[in-house]
Amino acid sequence: MSENPDKPNINEAGKSKSNDSEQDLEDAVKGSDAALQKTVKSGSPSTQRVQRPHSSPPRFVTVEELLETAKGVTNMALAHEIVVNGDFRIKPVELPEDSLEKRVKEIVHKAFWDCLSVQLSEDPPTYDHAIKLVGEIKETLLSFLLPGHTRLRNQITEVLDLDLIKQEAENGALDISKLAEFIIGMMGTLCAPARDEEVKKLKDIKEIVPLFRAIFSVLDLMKVDMANFAITSIRPHLMQQSVEYERKKFQQLLEKQPSTFQQLLEKQPNSLDFVTQWLEEAAEDLTNQKYKSALPAGGGAAGSGDGPTPNPVAVQNYAYLKLLRWDHLRRPFPETVLMDQARFQELQLQLEHLTVLGAVLLVTFSMAAPGISSQADFAEKLKMIVKILLTDTHLPSFQLKDALTTIGEKVCLEVSSCLALCGLTPFTTEKEAVLKGQIQAVASPDDPIRRIMDSRILIFLESYLASGHQKPLPTVPGGLGPVQKELEEVAIKFVRLVNYNKMVFSPYYDAILSKIL
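Just so you know, these numbers come straight off a predicted model, no measurement behind them.

Colleague: Would you mind going over the overall build of the chain with me for this structure?
Modeller: The helix and strand inventory of the chain stands at 21 helices and zero strands. Here the chain, with 517 residues, has 44% of them falling under the buried criterion. For the chain, restricting intrachain contacts to residue pairs at least 6 apart in sequence, the fraction spanning at least 24 positions comes to 74%. With the model as given, the accessible surface of the chain reaches about 27,500 Å², and the carbon-plus-sulfur share is 54%.

Structure below.
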């Protein structure tokens, strides 16, 4: 499609944005409530909450209060999602097959288009519905324009003049085909390059009713494109204002409607109880000199130690590390990181995957001949094989023990093949049995090799946090070399998430830690 000087572009969109960034942020999040509902539902797993005893009975709230608070939470979550998730996109709504909503929608749409077809088949044709559709198309096309697109605006207004179209229809001079041709041409001018093919196909449709139906279908896709274009354009403004915006919204939810907010978070009073408990456990662990040990799966340690008072920054860093070993089924997630719970769960799964992968490779290369482990091609091939066999670790049906049995067999075959190619002494039956046994032992969380890998991964992440996100990355501890690339990718995502959360909620953490320490 040829270049058009009036076609919207990102640079023009950036210039046309208001300087009032906070208002832009408020408008942006209010305009995308429906899109977020699907995102939040898919990204926030439903877990069993451990209810803490509460000091007073919960206050009953009205439906209006609940809806108002839900809207505030949705707006805050949407702004957070846009800023934190660089790949955030609004997607067209796809209703489930055989769902009641989809059947009702199909019935209503069929009735509407059948009615339009009957009107156009009359002699003379009736254009009431068709003119209404042209009016909707006109408003949609105008909504795609930026303030500087004066020429395009004038063209649309002039050609799609509804009063003139009505007069032509009354006098029998209306040519729907010419209007459709203009609409398709304007859609081609305004659409994203990815929609060029869909717009081109419209020109092949000759019947009016199917053509209008296809036009509206493509316009719906263009609306989604425009929404994503707007998100990309306002993201720099959101980055500048999002910290203050999220903190302000969070504080409003706590102060104005605490009972409603607690119901939305599926918890009981008092506010920030789980954050306080989370930080208390981290401080206690550090005080008890457990700072450099692997984290237990269930949570904090008990008891009191005689160690020195830990640094508040170190307590925060250690608290974030605890989120990577969180029991999401039995423990409520801290309130201030609740919007990122799905992300921390994903990081937790990735680290568990890396721990098992690293342990298997460490055991294999330790038993293989030095010439084998030093061959980069073989090491990479073996890593890919093990990664593929561990792909489904996130599934509830996944059995690690069975997978490691298969991995042991495959690893032994690959090692024997490589030894033969290099002219080295092949593995004996006893040595193969030992290697398979050590690989299968990695299935246990108490396996020494697995615990070493787990501890070293946490030490690396803690070092990266303490370094203030400075490049280059800290040196990877021994034994993690084969998974260094994957570990660094996880570390970058983890530290970015932590640093943003610190910027938003540091006043709350400082206030709580000042009492704890």
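Colleague: Whenever I open this one, the packing of aromatic side chains confuses me. Can you help?
Modeller: When we look at a pair of aromatic rings, we describe it by the centre distance and by the angle of the planes. Applying the stated criterion across every chain, the model contains 11 aromatic pairs. An angle of 80 degrees between the planes, with centres 5.0 Å apart, marks the rings of Phe250 and Phe505 as edge-to-face. Of the two residues, Phe250 is situated in helix H11 (residues 208-256) and Phe505 in helix H21 (residues 484-516); the sequence distance between them amounts to 255 residues. Judged by its relative accessible area of 2%, Phe250 falls in the buried class. Overall, the relative accessible area of 2% leaves Phe505 in the buried class.

Colleague: Help me understand a nonpolar patch on the surface in this model?
Modeller: A grouping of Leu100, Val104 and Val108 is seen on the molecular surface, where their side chains present a nonpolar patch of about 280 Å² in accessible area. Mapping Leu100 onto the fold places it in helix H5 (residues 100-121).

Colleague: What should I look at first to understand the nonpolar core in this one?
Modeller: Inside soluble globular proteins, nonpolar side chains tend to come together where they are buried. Ranked by internal contacts, the top residues of the largest apolar core, which has 90 residues, are Trp278, Tyr320, Phe344, Leu461 and Phe494. With 14 residues, H21 is the single largest residue contributor to this core. Grouped together as the second largest cluster of nonpolar side chains are 41 residues, Trp113, Ile131, Ala169 and Leu202 included.

Colleague: How should I be thinking about the confidence of the model for the chain in this particular structure?
Modeller: Any region with low pLDDT has predicted coordinates that should not be read closely. Averaged over every residue, the pLDDT of the chain is 79; the share at 70 or more is 77%. Low pLDDT, under 50, characterises residues 1-22; the stretch is placed with 41 contacts to residues that sit more than four places away or in other chains. Confidence drops under a pLDDT of 50 for residues 296-305, and excluding neighbours within four residues, the segment shows 24 contacts in the predicted structure.

Colleague: When you look at the packing of H5 against helix H6 (residues 128-143) in this model, what are you seeing that I'm missing?
Modeller: Helices that pack against each other are described as a pair by the angle of their axes relative to one another and the distance between those axes. Interhelical geometry of H5 versus H6 gives an angle of 120 degrees and a closest axis separation of 8 Å. If you check the angle between H5 and H6, you find them oblique. Contacts between H5 and H6 pair Phe112, Trp113, Cys115, Leu116, Gln119 and Leu120 from the former with Asp128, His129, Ala130 and Leu133 from the latter.

Colleague: Explain the pattern of salt bridges here, please?
Modeller: A side chain with one charge can pair with a side chain of the opposite charge if their charged atoms come near. Per the counting criterion, the structure on display carries 18 salt bridges. Measuring nitrogen to oxygen at the nearest pair gives 2.6 Å for the salt bridge that ties Lys102 to Glu97. Judged by its relative accessible area of 18%, Lys102 falls in the buried class. We note a salt bridge from Glu281 to Arg331, for which the minimum N-O separation is 3.0 Å. Of this pair, Glu281 sits in helix H13 (residues 273-287) while Arg331 sits in the loop between helix H14 (312-322) and helix H15 (341-367), and the two are 50 residues apart along the sequence. Residue Glu281 shares its accessibility class with Arg331, and that shared class is buried.

Colleague: Can you help me understand the side chain of His353 in this one?
Modeller: Turning to its location among the elements, His353 is positioned in helix H15. A relative accessible area of 16% places His353 in the buried class. Every residue in contact with His353, bar those within four places of it in the chain, is listed here: Lys387, Leu390 and Thr393.

Conventions we followed
- Residue indices begin from 1 for each chain and proceed along its sequence in written order.
- With pLDDT at 70 or above as the cut-off, local features in this predicted model cover only qualifying residues; side-chain atom pairs require 80 or more to be listed or tallied, and sums for whole chains, interfaces and linings still use all residues.
- The basis for every side-chain value is the complete set of non-hydrogen atoms in the structure, without hydrogens or water.
- Segments assigned H or I by DSSP are reported as helices when at least four residues long, segments assigned E as strands when at least two residues long, and all are numbered from the N terminus.
- Note on classification: 1.4 Å probe, protein chains only; a residue is buried when its accessible area is under 20% of the maximum for its type, exposed when over 50%, partly exposed between these limits.
- Should any heavy atoms of two residues lie within 4.5 Å, those residues are considered in contact.
- Computed with a 1.4 Å probe, the accessible areas rest on the Shrake-Rupley method; for each residue, only the protein chains presented here act as cover.
- The rule is short: rings of Phe, Tyr and Trp, with Trp giving its six-membered ring, pair when the centres are within 6.5 Å, and they are stacked under 30 degrees, edge-to-face over 60, tilted in between.
- The residues that make up patches have over 30% relative accessible area and no salt bridge, and they are joined within 9 Å when like-charged or within 5 Å when they are Val, Leu, Ile, Met, Phe, Trp or Tyr.
- The working definition used for a salt bridge is a side-chain nitrogen of Lys or Arg within 4 Å of a carboxyl oxygen of Asp or Glu.
- Side-chain atoms within 4.5 Å are what join buried Ala, Val, Leu, Ile, Met, Phe, Trp, Tyr and Cys residues into a set we call a nonpolar core.
- Scored between 0 and 100, pLDDT is the confidence that the predictor attaches to each residue.
- Only the stretch in contact is used when fitting a helix axis, every axis being a line fitted to C-alpha atoms; angles between N-to-C directions are given from 0 to 180 degrees.
- With respect to orientation, any angle under 35 degrees is reported as roughly parallel, any angle over 145 as roughly antiparallel, any angle of 65 to 115 as roughly perpendicular, and every other angle as oblique.

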